[in-house]
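# Per-entry structural report
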Amino acid sequence: MTEEKNININIPEDELMKQKNYMDRIRAMNDEHFARTGKRKKHLTVTFGCQMNAHDSEKLEGMLEQIGYMKAEEEEKADFIIYNTCCVRENAEQKVYGKLGYLKHLKDKNEDLIIAMCGCMMQQEEVLNTIRTKYKHVDIIFGTFNLYKMPELLQTYLETKRTVIDIWKEHKEIVEDLPSIRKHKFKASVNIMYGCNNFCTYCIVPYVRGRERSRKPEDILKEIEDLVADGVKEIMLLGQNVNSYGKTLEDKVTFAQLLRKVNEIEGLKRIRFMTSHPKDLSDELIEAMRDCDKVCKSLHLPFQAGSTKILKAMNRKYTKEQYLDLAKKIQREIPNIALTTDIIVGFPGETEEDFEDTLDIVRQVQFSGAYTFIYSKRTGTPAAVMEEQVPEEVSSRRFNKLQEVLRPIITEKSQALHGKTLEILVEDVSKNDEKLLTGRTESGHLVHFEGDSSLIGEFINVEITEAKTYYLIGQRV
């Protein structure tokens, strides 16, 4: 396997124009293939992990369409396959390795198939070495910092037919105005920042996505304005910790100030954001959420563990009491806000008393929803080498107990909506019943109701006729 070769061609120095030059060259090759065969080459991007990864994949798909690829529905029909990987949990990595083994069979049948891997897994040296030695059928490997270079890396492979590896250890620049293919016409995600400075001891993200860097507010606002002009009604602002937005900018702008600017964009209906870190969620931000009419009255505020001792071991930088005070302040200032959270059980050193602190927060805050996890050891993080690793059977028992406490609280929150008329954004046809449509309320609750697919992308009023734990059933008013 070889590293990327330099190609001595006349390419503009501006990075965006440089990549557009490569896209034009590959597009010409693909158009020639279509003229000769009558068939368009097809791509498939498979995404593992979080919404940041999903948004990255939209950019990859935008570039692939611009260079003349059509989207395939399955691996067997693709000419170019990209796996955009996640490394937050071990089972995600094992799933990727399993699928790579399957791609080897496809490559044996079709030697012209191009296989690429990118994303967080690729930033880990041990993963990169594994792919180099055991999965030599992978043709292109790149990481999280140079996503925009995909056209250049593809062109290099097409010219050399040799493995291309381009992994950066740190970010260099933020490239704006990449093409993007959105999953939905009516809603979109917008990165406001990249990376993370928090270094929670269980988390690999700062090591694979780098330090925080914020996009300029004018670039963010222009992107949102363009999206709204293209029919977008709901925006999700993304960052590993949106509360620390603006700290790397020369002209300091807080997240609360950015939120107020986004709220002024004409034609935009809803604003969501994630993720918020409790340690620096300010009064200014609470006031902005309260005052801005387009900001959804829902907040994802991970607390991870209830014990102050465990929170310190996690390097979360707040105590149990501080989290509870913050949650109660938010609920006081923004009545009826839907709070959701992340919870980890079985972190190294967690005792039964520590776990009871976690249950206590759940009972006091009364969350509308929660993502719950058994602690997963990630190589390269401080927590992976901590003493007092909790036995699997103990973690599983605590996880089940957590569900027993959470479920009736979430059910009660849902049942409180029974009989109410709520505005929802209709998002899709139900995966389980073609007669039903699905949409979300401002609070983020999923609603199923009978309706015609022509309603997708519209805001409508629905009366809630039945409340389940994790979704609602309604009828159009």
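Read on for an overview of the structure.

Before going further, it helps to spend a moment on helix 2 (residues 51-66). Between the first and last C-alpha of helix 2 there are 23 Å, a value that for 16 residues agrees with the 22 Å anticipated at 1.5 Å per step. When helix 2 is considered as a whole, its buried residues turn out to be Met52, Asn53, His55, Asp56, Ser57, Glu58, Lys59, Leu60, Glu61, Gly62, Met63 and Leu64. Positive backbone phi, approximately 100°, marks Gly68, located one or two places after helix 2.

Right, let's get into the packing of aromatic side chains. Scanning all chains against the criterion turns up nine aromatic pairs. Judged by centre distance (5.4 Å) and plane angle (50°), the ring pair of Phe303 and Tyr323 falls under tilted. You can see Phe303 sitting in the loop between strand 12 (298-300) and helix 10 (308-314) and its partner Tyr323 sitting in helix 11 (residues 320-333), a full 20 residues away along the chain. Tyr323 sits in the buried class, given a relative accessible area of 1%.

Before going further, it helps to examine the nonpolar core. One broad rule of soluble globular proteins: the nonpolar side chains tend to lie buried together. Formed by 70 residues in total, the largest nonpolar core has its most connected members in Ile224, Leu237, Phe255 and Ile330. Setting aside chain neighbours within four positions, we find Ile224 in contact with Val190, Ile235, Leu237, Val262, Ile265 and Leu268. Counting residues in hydrophobic clusters, the runner-up holds 30 residues, among them Phe48, Val96, Tyr135 and Val208.

A few words now on the sheet that holds strand 16 (residues 436-441). Read around the barrel, five strands follow the order 15-16-17-19-18 and close on themselves; strand pairing throughout is mixed. Strand-to-strand twist across the sheet, computed as the mean angle between neighbouring axes with direction ignored, equals 50°. Where strand 17 (residues 446-450) lies against strand 19 (residues 472-476), three bridges are found, and the strand directions are parallel. Across the sheet, His448 pairs through a bridge with Ile473, a residue of strand 19.

In this structure, strand 15 (residues 421-429) lies alongside strand 16, joined through five bridges in antiparallel fashion. Its bridge partner being in strand 16, Val429 is matched across the sheet by Leu437. Hairpin remark: strand 15 followed by strand 16, antiparallel, with six residues in the connecting loop. One ladder, built from five bridges, connects strand 16 with strand 17; its direction is antiparallel.

The next thing to look at is helix 9 (residues 283-291). For helix 9, the complete set of buried residues consists of Leu285, Ile286, Ala288 and Met289. For helix 9, the arc enclosing every buried residue in end-on projection is 160°, short of the 170-degree limit, so these residues lie on one face. Buried-residue contacts for helix 9 involve helix 8 (255-263), strand 11 (270-274), strand 12 and helix 11.

Below, the discussion takes up the sheet that holds strand 2 (residues 70-71). Strand order in this open sheet of six strands is 2-1-3-4-5-6, and the pairing throughout is parallel. Of all the strands in the sheet, the pair left with one neighbour each is strand 2 and strand 6 (164-166). Judged from the six bridges that link them, strand 3 (residues 80-85) and strand 4 (residues 114-119) form a sheet pairing that is parallel. Bridge assignment links Asn84 to a residue of strand 4, and that residue is Cys118. On top of the sheet, helix 5 (residues 150-160) reaches strand 3, strand 4, strand 5 (140-142) and strand 6; it is set at about 155° to strand 5, its chief contact.

About the cut-offs
- Residues numbered from 1 in each chain as written.
- Predicted model: local features only at pLDDT ≥ 70, side-chain atom pairs only at ≥ 80, totals over all residues.
- Heavy atoms only, no water.
- Helix = DSSP H or I, 4+ residues; strand = E, 2+ residues; numbered from the N terminus.
- Expected span 1.5 Å × (residues − 1).
- Buried < 20%, exposed > 50% of the residue type's maximum accessible area, 1.4 Å probe, protein only.
- Phe/Tyr/Trp six-rings, centres within 6.5 Å; stacked < 30°, edge-to-face > 60°.
- Core = buried A, V, L, I, M, F, W, Y, C linked by side-chain atoms within 4.5 Å.
- Contact = heavy atoms within 4.5 Å.
- Pairing = 2+ DSSP bridges.
- Axes fitted to C-alpha atoms, helices over the stretch in contact; angles between N-to-C directions.
- Arc of directions from axis to C-beta.

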